[in-house]
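Observations on the model geometry
These are the residues of each chain, in order.
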Amino acid sequence: MVDETAHARTLALDVPGWPGHHAGQHLDVRLTAEDGYQAERSYSIASAPEDARVALTIERIDDGEVSPYLAGDVVVGDAFEIRGPIGGHFTWRASDGGPVLLVGGGSGLVPLMAMLRHRARAGSRADARLLVSARTVDDLLYRDELERLASAMDGLSITTTLTRGTPDGWKGHGRRVDAAMLGEVGPAASAAPKVFVCGPTPFVEAVADELVALGHGAAAIHTERFGPTGG
Amino acid sequence: MPPFTRGFHGRPRRPDVDPARVPPGQYVVEDFPVLSAGPTPRTPIDQWSFTIQGAVDAAQTWTWEELNALPQETFTVDIHCVTKWTKLGTAWTGVSVDTLLEGVGTEAEYVSVHADGGYTTNLPLEDLSDGKAWIAHTFDGEPLEPAHGGPARLVVPHLYFWKSAKWVRGLTLTVDDEPGFWELAGYNNYGDPWREQRYWGD
Ligand SMILES: Cc1cc2nc3c(=O)[nH]c(=O)nc-3n(C[C@H](O)[C@H](O)[C@H](O)COP(=O)(O)OP(=O)(O)OC[C@H]3O[C@@H](n4cnc5c(N)ncnc54)[C@H](O)[C@@H]3O)c2cc1C
């Protein structure tokens, strides 16, 4: 168990008989209360297919039912049911090559991180661009690991934007993802990158619309929406 | 029953929700979440049309005006998404698929639904007939928003909601069952929420 931020925690699960997964897939967690009541939610797999354990990173939604349990109450040694891996659409394999553009908001970074971890573990040098949006610098998931991955100079570039204020000396952006930012991060639509966008619904809606306006083909844009509408 | 999860109690059960209306594994939401595989298509209604084709005597196409000139039904149903949310008492207006199928002669037993963005989903024809399905363009008295499938989506409330194709553009009647987008990607071919038919093998 690793606390990633004040609101998010990574659980590394030992899963007997795990059949393996592709980066970007998710699984379902099912919790059963003593009275038999069950609640089930989906969580993206954060770990690379090459890793021995299956990692989830769960962001705590304060009035939520399942995430406060997984990101708060669970202790090492607890067991719960999972199902998966699930999903064949929002996936990237090193053999797919590049270019790829990954755009993540909040915990939407999780399945994209699985792709980057897989890319590194598989020794891929595919052209990959990651654009991460978080509220504050303290909400950024996997910060140190992303810095390490970016410093490998193997074809990965990482851009970060903060939407609720930037600390002194911040080198990234300080606004919501917009067309100019997507254009700058690239690759250009003419390079026909595979694009993966993941995060809260309003974030995904806005980013996907901007990508279409920039000329990216709708079929190249893969989306995964977490959580409710609104915002 | 699996072993219980230490320390998990769940949310207090809502006294206002009739448990008989909530399929196993679902929780009731008040908002209206969105699930789609790509960007939201936005087709202007003057370029929108709806076609029934495939194993039929003659293909038929309706423009937006023609669809709206057909008899309209307003109906209130519970909807169940495979991602576990259920929304009770949703109110829609649209055209019953029965109305569209009235003049269509076919021996086909399956339907492949197609939609803008290349999305497809399949289901038995009998699951679309006899008052079980509509092409809906209005939600809660307002034009259906693009994010929820506007200008028009299929609504088949008795199956998981991925069968209710957003941005729907037509039905292709088929003799053989032809799995669609999510059905090829690991989701159950039929998708009955009451039997928790989420994935392959359920
Ligand atoms: C394919 C898929 C992959 C996912 N992967 C992850 C992941 O890797 N990490 C992760 O933390 N979550 C992920 N989610 C979201 C997760 O499934 C739950 O929705 C989330 O943990 C909230 O569940 P809960 O039971 O705590 O809250 P609920 O009891 O379901 O909801 C409580 C309140 O919070 C609102 N709410 C629900 N979800 C969100 C949200 N995401 N943001 C803001 N408000 C919300 C609800 O509308 C409600 O008002 C994923 C969802 C999907 C569909």
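So, here is what we can say about the structure in this document. (Residues numbered from 1 in each chain as written. Chains lettered and ligands numbered in written order. Predicted model: local features only at pLDDT ≥ 70, side-chain atom pairs only at ≥ 80, totals over all residues. Heavy atoms only, no water.)

As a further point, take the interface of chain B and chain A. Taken together, the contact pairs 36 residues of chain B with 44 residues of chain A. Taken together, the two surfaces of chain B and chain A that pack against each other cover about 3200 Å², and 51% of this comes from carbon and sulfur. One can count six salt bridges joining chain B with chain A. Among the salt bridges present, the one from Arg83(A) reaches Asp202(B), with a minimum N-O distance of 3.0 Å. Scanning the region where chain B abuts chain A turns up 17 residue pairs in polar contact (both at pLDDT 80 or more). (Contact = heavy atoms within 4.5 Å. Buried area = accessible area lost by both parts, 1.4 Å probe. Salt bridge = Lys/Arg side-chain N within 4 Å of Asp/Glu carboxyl O. Polar contact = N/O pair within 3.5 Å; in protein donor to acceptor, adjacent residues only side chain to side chain.)

Moving on, we get to the site of the ligand. Taken together, 25 residues sit near the ligand, with Ser42(A), Tyr43(A), Val66(A), Ser67(A) and Arg11(B) positioned nearest. Chains contributing residues to the immediate surroundings of the ligand are chains A and B. In this structure, an oxygen atom belonging to the ligand sits 3.2 Å away from a side-chain N or O atom of Asp31(B). Tallying contributions element by element places strand E4 (residues 38–44) of chain A first for the shell around the ligand, with four residues. Classifying every residue of the shell around the ligand by side-chain character gives nine nonpolar, eight polar and eight charged. (Near = heavy atom within 4 Å. Helix = DSSP H or I, 4+ residues; strand = E, 2+ residues; numbered from the N terminus. Nonpolar A, V, L, I, M, F, W, Y, C, P; charged D, E, K, R; others polar.)

Let us now look at the sheet that holds strand E11 (residues 168–174) of chain B. Residues and elements named next belong to chain B. Read across the sheet, five strands follow the order E3-E2-E11-E6-E7 without closing on themselves; strand pairing throughout is mixed. Both outer strands of the open sheet, strand E3 (60–63) and strand E7 (120–124), are each paired with one neighbouring strand and no more. Sheet twist, expressed as the mean angle between neighbouring strand axes with direction ignored, is 15 degrees. Of the pairings in the sheet, the one linking strand E2 (residues 49–54) to E11 comprises four bridges and is parallel in character. Bridging across to E11, Thr-51 finds its partner in Gly-170. (Pairing = 2+ DSSP bridges. Axes fitted to C-alpha atoms, helices over the stretch in contact; angles between N-to-C directions.)

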